[in-house]
Structures are given as structure tokens and as C-alpha cells.
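Below, each chain spelled out in residue letters.
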Amino acid sequence: MNYYSLNRISEDATFKEAVIRGLAPDKGLYFPENITPLPASFFEGIHDKSRVDIAFEAISQFIGSEIPEAELKRIIEETLSFDFPIVKLNDSLSFLELFHGPTMAFKDVGARFMARCLGYFNKNASEDVTVLVATSGDTGGAVANGFLGVKGVNVVILYPSGKVSDIQEKQLTTLGQNITALEVDGVFDDCQDMVKQAFVDSELTSQMQLTSANSINVARWLPQLFYFLFAYKELRKTHQDIVFSIPSGNFGNICAGMVAQKLGMPVHHFIASNNLNNTVTEYLKTKTYKAKSSVPTISNAMDVGNPSNFIRIQELYKNDFETLSKNLSSYSFTDEETKSALLELYNDNNYIADPHGAVGYLGAKAYLKKHSDAHVCVLETAHPTKFLDVVEDVTQTKVELPEQIKAVMDKEKVSIKISTYNDLKKFLLRN
């Protein structure tokens, strides 16, 4: 499998090259040259397949022969070492819980998969690889945990100062070893812009090997299609018109779900549930894409004004707005609406969600008003304790801390403060 740059200037890359580079030399995101649908028998017999078998058959074409079959299955087994339960609220609505991994966020799947792929590719390399990643919340912790102690890989995480939750900050600033956290005076988009600038800085890239662990990296992005398939396996038993509502920030997660659909997964529709960072919601209304400056919300992992992966979604649909809009709806909600949803979920269903899951729930409700025959599966992307202040204040109930969170609460934060791209460049060149 080769990957081409969506800017269509750089030469095609192998899976290995795309993973190691992260971003193409022409600044474009890599995209697979083909997506070949799986045979109908795969979906007809999916109930008899294990999670590892499902994931292996789904991802194999994107990797080809670059990772041996036995090694790829080992990587998948280690990636999927936790559960993905579905909690049904009623006949119309369920939650797919993606927070049962080591950092209690959906990004554990992509981070663990990518870390193991990069570790395999770099095992005999003489030069270390520096993983450069921007985070608006959960990416940093997932990447830090996934790459912790991986030989030959150094991780540098940029996060916006004061704009991630206390627990999220602890998860990315307390591990040490090969993990360094840079606290940026700015918003997530500033962090992401610095990372992108670093990849095209020839002075920097001539002296070190850089790659990204954001969802711009194909090894972070593509394995997220796994849990859509797992959810389909469970929901198809009782539901025909399956719809996914995905809390959406950088749009990598929902794009991975659409790849699963291109593989043949019989899903009916997708909902991009946004907070006030509603660039895509507005695009679907106006047909005009206008990037915005991000604004802070209580669902901070979605505070993205210019989602990188939306160009991949447009590519999936050959930039055909009409086809895309038939398969994708998008709704935007305020913090007050999000808090009301948190309370409603707790009072009516005894379910404690996090703010991102609450936004996904609101998107599901909005869709169901006009499509009452559908069953909407909301992706609950993070454990509520990662947003403890908001959740406990709204629900007026004490949320028990899971062991994964307790393990970092008393550790000392260690971060380096930076303000500009030059600060980042100086740090990278001297380390």
C-alpha cells in the first residue's frame, strides 16, 4: 500500500515512510491510494470473529507486507488489551465506551498501535526518532503512555497552558523517561501550527528525524476504525439503521469511522457533534469552509478551529459536497447545553458522561428528532473523572477515581514553558 500527499506535490510513500514522516514534505496529509472493500462474508460472519481477527482483516491492506503477519497480530493484541463495552440507554440510543484503556481516552488505541509500529520500524535504526505532538487534551496522555520507554523514540508534547484539565495535564507531564512536555502560551491551534512548521523546517529536519503522533499520522488515525467495527458487531444483532454520533475536534475519529464504512461496514449515517468550535457545522450549512480561531470550552479536546482531518473526509467523498452531506450531519452546542445534557443523562438514565460524551448525546438527540427509526451509538471518548470539576459540579455526585487516574494524581508536574516557534526550535536543536 502506498500513500499520497493530499497536496499532491510530494512523491508517494510506503506505510513505513508515512508513519516515520508523519506529514509529507509538501505539508500534505498522507492518504491511502486505495481502500478496497472487505468481502460481504466478513460482515455476515463478523459475530464469529474475535476482536483481533476483525482488526487484523480490516487494517492489513493499509500495511501490506511492511510488517509481517505474526508481528502485526502481536501489535494488534497489545493495542486491544482492554474492553470496548456498549451501554444501551434505550432502543434508540447507546454509548460506546472507549475509555477503558491506560489513559482512559479513545486515543489509547491509535497511540498504542502507532507506538508499536514505530518501535518495530525503528528497532535496528542508528538514529533516534523524535515524536512531536500537539494536544488539546487526551492525545498527549495517550501518546505519552503509548510511547513510554520505547527504545530509540523521544516524545515531545505541546499543550496549551491552562486549557487542559488537571488530570489531563498530570498524564502528560509526570511520566519522565523519554517524554517531555512543553507548555505553550496559547491555544491548541498554536501548538498544532508549531508542529506543522517544524516538519517543513529544513534546518531542523536535516539534523533530526521528526514524526507526529497526532491523528495526522496514518498509524494514529487508521486503527481508530477498529472500534466502529466492534460496535457494529454488537449492534447489528438488534438494529438495522445504525448511526454514529462522534464528538469531533480534529475529525480523525469520525474519518476513521468513514473508512470503516468504505470497507463495507453497513452504517447508515454519521453525526459530527461539535461544541462552539463549529467550523464543520457551518460548512455543512453554507458549503463554504472557513477556519476559525479556536475558543475554550468545557469539552476542551474538541477546541479546534481548523480540523486537520477534514480534508481527508473531503477526499473520501472526492470533494463532492452533496454526497458528503447525505452521509454526515453536524450540530453545535454551547457549554450550558452540554451541562444540561450531563445532568439529564444522570437524572434520567443514571449515566455519568464526560462533557465530550454529553456533546455526542446532544447530537444524537438532534438527529433522532427527524429520524426516529434509527439507533444512534454515541462514542463516549473519555472517562468522566478526567473532567472531575465540571462533572461533579453539574451532577452533584462524587465520581470514584479509577486506578489509572489515582496513579498520576500525586505525581509532580514537570513542563517547559514556551511561547513561540523559535522557542520550540531551540529546544529541539539542543536536546
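Residues numbered from 1 in each chain as written. Predicted model: local features only at pLDDT ≥ 70, side-chain atom pairs only at ≥ 80, totals over all residues. Heavy atoms only, no water.

Draft legend 1. Spotlight on the overall build of the protein chain. Along the backbone of the protein chain there are 20 helices and 14 strands. Its C-alpha radius of gyration of 20 Å places the protein chain within 12% of the 22 Å reference for a compact globule of 431 residues. Looking at the protein chain as a whole, 61% of its 431 residues are labelled buried. Taking all contacts inside the protein chain whose residues are at least 6 apart in sequence as the whole, residues at least 24 apart take part in 75%. Put simply, the protein chain shows about 16,700 Å² of open surface, and 45% of that area lies on carbon and sulfur atoms. (Helix = DSSP H or I, 4+ residues; strand = E, 2+ residues; numbered from the N terminus. Rg over C-alpha atoms; globule rule 2.2 N^0.38 Å. Buried < 20%, exposed > 50% of the residue type's maximum accessible area, 1.4 Å probe, protein only. Contact = heavy atoms within 4.5 Å. Areas by Shrake-Rupley, 256 points an atom, 1.4 Å probe, with all protein chains shown as cover.)

Draft legend 2. Summary view of the packing of aromatic side chains. Under the counting rule described, the total for this entry stands at 22 aromatic pairs. Here the aromatic rings of F244 and F270 are separated by 6.2 Å at their centres, their planes lie at 25 degrees, and the arrangement is stacked. Highlighted residues: F244 in strand β10 (residues 242-247) and F270 in strand β11 (residues 269-274), separated in sequence by 26 residues. In this structure F270 comes out as buried when scored by relative accessible area, which is 0%. Where Y289 meets F310, the ring centres are 5.8 Å apart and the plane angle is 10 degrees; that geometry is what we call stacked. Taken together, the positions of Y289 in the loop between α13 (279-286) and α14 (310-316) and F310 in helix α14 put the pair 21 residues apart, joining distant regions of the chain. Residue Y289 is classed as partly exposed on the basis of its relative accessible area of 28%. By way of ring pairs, the aromatic residues F82, F84, Y227, F228, F230, F244 and F270 are connected into one cluster. (Phe/Tyr/Trp six-rings, centres within 6.5 Å; stacked < 30°, edge-to-face > 60°.)

Draft legend 3. Summary view of the UniProt feature "domain: Tryptophan synthase beta chain-like PALP" (unreviewed entry) in the protein chain. The sites that carry the UniProt feature "domain: Tryptophan synthase beta chain-like PALP" (unreviewed entry) are, in the present numbering, residues 97-378. Structurally, residues 97-378 is divided into 45% helix and 16% strand, and its ends, taken at the C-alpha atoms, are 9 Å apart. (UniProt positions renumbered as here; feature names shortened; annotations may be inferred.)

Draft legend 4. Seen up close, unusual backbone geometry. Even without being glycine, R8 reaches a positive phi, approximately 60 degrees. Position of R8 among the secondary structure elements: in the loop between β1 (2-5) and β2 (13-14).

Draft legend 5. Examining the UniProt feature "domain: Threonine synthase N-terminal" (unreviewed entry) in the protein chain more closely. Those residues carrying the UniProt feature "domain: Threonine synthase N-terminal" (unreviewed entry) are residues 3-79 in this numbering. In residues 3-79, helix accounts for 47% and strand for 10%; the two terminal C-alpha atoms are 23 Å from one another.

Draft legend 6. Molecular detail of the pairing of strand β5 (residues 93-97). Buried residues dominate β5, accounting for five of its five residues. In β5, alternate side chains face the same way, and those of L93, F95 and E97 on one face and S94 and L96 on the other are all buried. Bridge analysis of strand β4 (residues 86-90) against β5 gives four bridges, and the strand direction is antiparallel. Within β5, the residue paired with K88 across the bridge is S94. (Pairing = 2+ DSSP bridges.)

Draft legend 7. Spatial organisation of helix α20 (residues 421-430). What α20 keeps buried is the set Y421, L424, K425, F427 and L428. Buried residues of α20, viewed axially, fall in a sector of 160 degrees; they line one side. The exposed set on the far side of α20, more than 90 degrees from its buried face, consists of K426 and R430. Buried-residue contacts for α20 involve β6 (129-134), β7 (153-160), β8 (179-184), α8 (188-199), α9 (202-205) and β14 (416-418). (Arc of directions from axis to C-beta.)

Draft legend 8. Region of interest: the pairing of β10. For β10, a buried count of six out of six residues is recorded, marking the element as mostly surrounded by other parts of the structure. Because side chains alternate across β10, one face comprises the buried residues I242, F244 and I246, and the other comprises V243, S245 and P247, equally buried. Looking at chain direction, β10 and strand β13 (residues 375-380) are connected through four bridges and run parallel. Bridge pairing in β13 links F244 to C377. Relative to β11, β10 runs parallel, the two sharing five bridges. By the bridge assignment, S245 is partnered in β11 with I271. Traced from β10 through helix α12 (residues 252-262) to β11, the parallel crossover comes out right-handed. (Right-handed = clockwise from strand over helix to strand, strands pointing away.)

Draft legend 9. Fine view of the sheet that holds β1. Pairing is antiparallel in the open sheet, where three strands are placed in the order β2-β1-β3. Two strands bound the open sheet, and with one partner strand each, they are β2 and β3 (30-32). Both β1 and β3 contribute to a ladder of three bridges, which runs antiparallel. Paired with Y4 across the two strands is F31, which belongs to β3.

Draft legend 10. Region of interest: helix α7 (residues 166-173). Of all eight residues in α7, six are buried, a share of seventy percent or more. Of all the residues in α7, the buried ones are I167, Q168, E169, Q171, L172 and T173. Looking at the buried side of α7, the elements it contacts are α6 (138-147), β7, β8 and α19 (403-409).

Draft legend 11. Here's a closer look at the side chain of Q314. Within the secondary structure layout, Q314 lies in helix α14. For Q314, a relative accessible area of 17% translates into the label buried. Each residue touching Q314, except ones within four places of it in the same chain, is listed here: Y283 and N319.

Draft legend 12. Quick peek at the packing of helix α5 (residues 107-121) against α6. Close contact between α5 and α6 brings their axes to 8 Å; oriented N to C, the two are set at 35 degrees. Crossing of α5 over α6 shows right-handed handedness. Contacts between α5 and α6 involve K107, D108, A111, R112, M114, A115, R116 and L118 from the former and D138, T139, A142, V143, N145, G146 and F147 from the latter. Broken down by class, the residue content of the contact of α5 with α6 amounts to seven nonpolar, three polar and five charged. (Axes fitted to C-alpha atoms, helices over the stretch in contact; angles between N-to-C directions. Left-handed = near helix turned anticlockwise from the far one by under 90°. Nonpolar A, V, L, I, M, F, W, Y, C, P; charged D, E, K, R; others polar.)

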